[in-house]
Amino acid sequence: MGLAVVGVVAGAAALAFWYDSSGARGTPIRVAYAGPVTGPSARDGVAGLRAVELIFEQVNAEGGIAGRPLALDVYDDQNQVELAVANAPVIADQAETVAVIGHNYSTLSIAAGRIYQERGIPAISSAATHVAVTRDNPWYFRTIFNDRAQGRFIVLYLKEVLALERVGLIHGSDAYGAYLAQVIDETAPELGLSLAGAWEFEPDGPQLDSRLDQIVAQVMGQVGLEALVLAMQPGPGVKLVKRLRDASFEGVILVSDALASQAFAEGFRDFPQERYRPGAYTDGIYASTPFLFDAVGKRAGVFLQDYLARYGEAPVWYSAFAADAAGALVEGLRRANLSPRADSIESDRQALRDALASIGPLDPLDGVTGPTWFDALGDAEKPVSMGRFLSGEIVSAFGQLRLLPGVTRADEIDERYDPNRVVTLGNRVFYRTDVARVGVLAGRFGALDFESGTFELDFNIWFRHQGDRDVEDVMFTNAAEPIVLGEPQEERIEGKDHYRRYSVRGLFRADTIDAGYGHHSLALNLHHRNRTRDDLVFAIDTVGMNLGRERSREDRIARGRKLLGHGGNWTLADLVFYETAVDEHAMGHPSYLSGPTSGRPFSQLTIGAIVRPQSNLRGLLPQAWQRGLLVVGLVGTFLLLVLRDHGSARLRWLLQTVFAFLVLLAAEPLLGDRLRAVAEPYQLNRVARVFDLLWWAVPAVLVNLAVTRFIWQPAEQKSGRPVPTLLRYTVAFVIYLLAVFGAIAFVYDYRLTGLLATSGMVAMIIGLAVQLNITNLFAGVALNLERPFRVGDWVMIHGRTPDPSDSVTGKVIDINWRTTRLQTADDTQIVIPNGIISEKTITNFMQPHEMSRFELFFTVDQSVALDRVVEVMKTALKSLCEGVEAPVISDPAPSVRIQKATENGVQYVVRYRILPSRISPNEARHRVNEAVVRGLRDAGIELAYPRRRVREEHAPPIE
């Protein structure tokens, strides 16, 4: 029997293994990654490399490109032009390499790009922003904006959002800094921004330090200088910012995207002030950044979680754009339809380049950083975000300028936009959007009910923003009941910055986001009631929640356990937080009647946790081991089935146990993860339920086999006599019964009393073995499974009809395996064997509701007016419904009805309801009888009595 069960599980495991065996198996498609894997900028380069690896792994797991897996070759350029130029021919000469992802710096991309163009190999950069990277090079693409767009955006932001008039510019003489400075210098007069001064330095010059000292001295001598724009690489940027801070420069500092990097932020860590207070040098600095993870869409949120799970630390913007570069390359490979022949590399590269160029605005890719497509120059139309350093991290600035795609003039916008927030720059139209940072600190999870899909949560939520336009007027879209924030628990205003904290408690719907097989999600989903995403974007306050500084996944989960509070028997598996656009029906709003869609886009914030049961064995095996261990379990189970009569019985049992658990541990996550793509959540829950039952059934079978092979068989061999069949069956019955009750209690979350208590069960088995009271035993089991009554219920145990004279009425005070105890209204205990109860009819006065209805019958002479009798009885009953300790329930009120007319009089039925937990049925009957009889007598009405007919006969005459 045990091998049969294991065989069934093995069959399910084989199905899971077959379902998961669809990975790529053909000739690899090789791609080169060129970037700084070592050296000063290694952190940024490795972040991009990991993102590409992650995307390739996911593509390969789904079958690759037409069955061919993607292979990645890494070429380290250390952000040095010489190494990039040296590596480029090597990459191009590889006969199997179809494309390049890289480089990080524009100077390297420009130099190596000439070689890629000459050799005819397409390249995609995720970080090089100089316009010359793609200009006059049809073989080069990029997934990030170019420096012209960035430079013009910086000037626009200084003028329109920060409202500054006089700024200075400091830049390097390299191609990146020089071009960005040129764009800023050309754009400033166009917008009426005064460029008070421009200072240039050689990044690699021998007099760099003295030149920076000279620049700082000149800057501090400027009168009325409101801000400085820094366009340079991280190395000189760290030195310059430290000098500016040490000189107490009080103006605004805004840096370009090259300084919106880990290399720049970490460059201050060795200074004492930074060690004492992270962000001492960088706090308040504005950064023109390609991407920010605190206000991103759902796809970016999923990428963030996948990256954290794979590498144990959070991604940066280099990772996001590298992921989009890899995604664009994958789409190009799918469109190119490459040839598997080894001599087709030139045609394959040409086909891939043409496929990349075909990714246009009409069919963009849904990338991590938003829609990704290429224009005629190979550039991606990507927005520029403005971040701000806080505690060493870059977070979204409170004010953003969002590019309106497809709009070239301000008069082209429709009614949904506020004209006062529209800003134009050339043929581009921007819209001013507010950003509010939102954080959550949970106090307690409770009432987790994943069958009904709800949970309770106590939490604090806070908002940090600029201005006071009802930012906190939010709605929780997954709230089971409406929630109003009410008055803030704490409020603080510093200049334009507002902070408010609220305490909230509510019932929410669970599993609103995909948690993965065997897990559940507990999340908060909220957006503003009226302000759309064009006007207001919610950002995760990662710094305020202490999630940004700790970059490892373990640290984030440790922080999350503090944020999410106590969750009972559930443990935190992962954190989920992202911002995304959700469309809700406009419901006829005039501003959206003529728009492109009938929905209103809101910025919805999702903050929550992925949880799993603490005792759950799912996830015990690392994902990389699952398939291998599944093969071991399957092969071992098959051999045991074939060789069932060979070898030691004890050894076979041990191997059975090991292989069965390997199959269960490995097959469930493999099958569950494969089904996630095609099955509905409720179907996955059913699969999980089946495996939950198997986790009780298989161990029960194995334990029963262990008793047979380690106890019964040695005992028979030693004594020479067979073990009594009754004893075998009794022990087996106990084992399987315990497994059944365990499944009922833990799988179906059904509470059992009496029989589930371990001591009670052991006592029951001993009593059964000694007394052989099988009838009472099985009756007790049936009573506990069917639960016709519970401890505390008032019941009547009677025959076919509930006749009080032939029944027992009392309160259930105990239910065990043999007997049930009742306490009657006169404080006596009655012990009834369960076997007798099983043959009787049971009336439970407290189910399905605690309130129970009773009837009493009274007969009154027909000569009394019907209405008068009814009125008198109702008045008597009404007196029983008054007061706190009233014996009769007033709602619904007692009723009096005419039952029937008899020869003795008119019969009336009195119906009333009581709470048996408050008063016993017998006592209530007494009180009602007393009240009705007294009321009738006081009214001069007597109850009817049986009438006799007397027949008078004449006696015979006396003789």
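Caption draft 1: Expanded view of the overall build of the chain. The number of helices and strands found in the chain is 23 helices and 33 strands. Excluding contacts between residues fewer than 6 apart, the proportion of contacts in the chain whose partners are at least 24 apart in sequence is 71%. A total of about 45500 Å² of accessible surface is found on the chain, and carbon and sulfur atoms cover 52% of it.

Caption draft 2: Summary view of the pattern of salt bridges. Scanning the entire structure with this criterion turns up 34 salt bridges. In this structure, the salt-bridge partner of Glu313 is Arg50, at a minimum N-O distance of 2.8 Å. Residue Glu313 is found in the loop between helix 11 (298–311) and helix 12 (317–336), and its partner Arg50 is found in helix 2 (residues 42–61); the two are separated by 263 residues along the sequence. Classification of Glu313 as partly exposed rests on a relative accessible area of 23%. Look at Arg50 and you get partly exposed, because its relative accessible area is 22%. Residue Arg464 is joined to Asp541 by a salt bridge in which the shortest nitrogen-to-oxygen separation is 2.6 Å.

Caption draft 3: View of the environment of Gly172. Its place among the elements puts Gly172 in strand 6 (residues 166–172). We classify Gly172 as buried; its relative accessible area is 1%. Sequence separation of Gly172 and Pro236 is 64 residues, and the distance between their C-alpha atoms is 8.5 Å. Filtering out sequence-adjacent residues up to four positions away, Gly172 remains in contact with Gly177, Ala178, Glu200, Phe201, Pro203, Ala231 and Met232.

Caption draft 4: Structural view of the sheet that holds strand 30 (residues 841–844). Read across the sheet, 5 strands follow the order 29-28-27-26-30 without closing on themselves; strand pairing throughout is antiparallel. Each having just a single partner strand, strand 29 (829–833) and strand 30 make up the two edges of the open sheet. On average, each strand axis in the sheet is tilted by 40° relative to the strand beside it, whichever way the strands run. In terms of strand pairing, strand 26 (residues 794–798) meets strand 30 through 4 bridges, oriented antiparallel. For His798, the partnering residue across the bridge sits in strand 30 and is Thr841.

Caption draft 5: The arrangement of the confidence of the model for the chain in detail. For the chain, the mean per-residue pLDDT works out to 81, and 83% of the residues sit at or above 70. Taken together, the stretch residues 1–10 has pLDDT below 50 and engages in 22 contacts with residues farther than four places along the chain or on a different chain. Confidence drops under a pLDDT of 50 for residues 12–22, and excluding neighbours within four residues, the segment shows 21 contacts in the predicted structure.

Caption draft 6: Examining the pairing of strand 17 (residues 428–449) more closely. Bridge count between strand 15 (residues 399–403) and strand 17: 5 bridges; the pairing is antiparallel. Bridged to Gln400 within strand 17 is Thr433. For strand 16 (residues 422–425) and strand 17, the ladder comprises 4 bridges, and the chain directions are antiparallel. Within the sheet, the bridge partner assigned to Thr424 lies in strand 17 and is Val429.

Caption draft 7: How the structure looks around the environment of Leu329. You can see Leu329 is positioned in helix 12. Separated by 228 residues in sequence, Leu329 and Ile101 place their C-alpha atoms 8.6 Å apart. Look past the residues within four positions of Leu329 in its chain and what remains in contact with it is Val31, Phe56, Ala99, Ile101, Ile124, Leu352 and Leu356.

Caption draft 8: Fine view of the nonpolar core. Ranked by internal contacts, the top residues of the largest apolar core, which has 151 residues, are Leu158, Ile170, Leu230, Phe459, Ile461, Phe476 and Phe538. Residue contributions to this core peak at 13 residues, all from helix 12. Counting 31 residues, the second largest nonpolar core, distinct from the first, contains Phe845, Leu880, Cys881 and Val932.

Caption draft 9: Just unusual backbone geometry, in detail. Note that the residue after Gly102, namely His103, is joined by a cis bond; omega there is -5°. Secondary-structure assignment places His103 in the loop between strand 3 (97–101) and helix 4 (106–119). Its identity as a non-glycine residue notwithstanding, Ala163 has a phi of 55°, on the positive side. Positionally, Ala163 belongs in the loop between helix 5 (147–160) and strand 6.

Caption draft 10: Expanded view of the sheet that holds strand 3. Strand order in the open sheet formed by 5 strands is 2-1-3-4-5, with parallel pairing between adjacent strands. Two strands close off the open sheet at either side, each with one partner strand: strand 2 (70–76) and strand 5 (140–142). The mean inter-strand angle of the sheet, taken between neighbouring strand axes irrespective of direction, is 25°. Sheet topology places strand 3 next to strand 4 (residues 123–125); 2 bridges connect them, and they run parallel. Residue pairing in the sheet places Ile101 in a bridge with Ile124 of strand 4. Packing of helix 4 onto the sheet brings it into contact with strand 1 (29–35), strand 3, strand 4 and strand 5, and relative to strand 5 it is tilted by some 140°.

Caption draft 11: Summary view of the packing of aromatic side chains. Counted by the stated rule, this structure contains 26 aromatic pairs. Measuring from ring centre to ring centre gives 6.0 Å for Phe153 and Tyr157, while their planes differ by 35°; the resulting arrangement is tilted. In this pair, Phe153 and Tyr157 both sit in helix 5, 4 residues apart, roughly one turn of the helix. The pair formed by Phe153 and Tyr157 is uniform in burial state, with each residue classed as buried. Taking 6.3 Å as the distance between ring centres and 55° as the angle between the ring planes, the aromatic pair formed by Phe153 and Phe430 counts as tilted. Pair noted here: Phe153 is in helix 5 and Phe430 is in strand 17, with a separation of 277 residues, a long-range link.

Definitions and cut-offs
- Residues numbered from 1 in each chain as written.
- Predicted model: local features only at pLDDT ≥ 70, side-chain atom pairs only at ≥ 80, totals over all residues.
- Heavy atoms only, no water.
- Helix = DSSP H or I, 4+ residues; strand = E, 2+ residues; numbered from the N terminus.
- Contact = heavy atoms within 4.5 Å.
- Areas by Shrake-Rupley, 256 points an atom, 1.4 Å probe, with all protein chains shown as cover.
- Salt bridge = Lys/Arg side-chain N within 4 Å of Asp/Glu carboxyl O.
- Buried < 20%, exposed > 50% of the residue type's maximum accessible area, 1.4 Å probe, protein only.
- Pairing = 2+ DSSP bridges.
- Axes fitted to C-alpha atoms, helices over the stretch in contact; angles between N-to-C directions.
- pLDDT = per-residue confidence, 0-100.
- Core = buried A, V, L, I, M, F, W, Y, C linked by side-chain atoms within 4.5 Å.
- Phe/Tyr/Trp six-rings, centres within 6.5 Å; stacked < 30°, edge-to-face > 60°.

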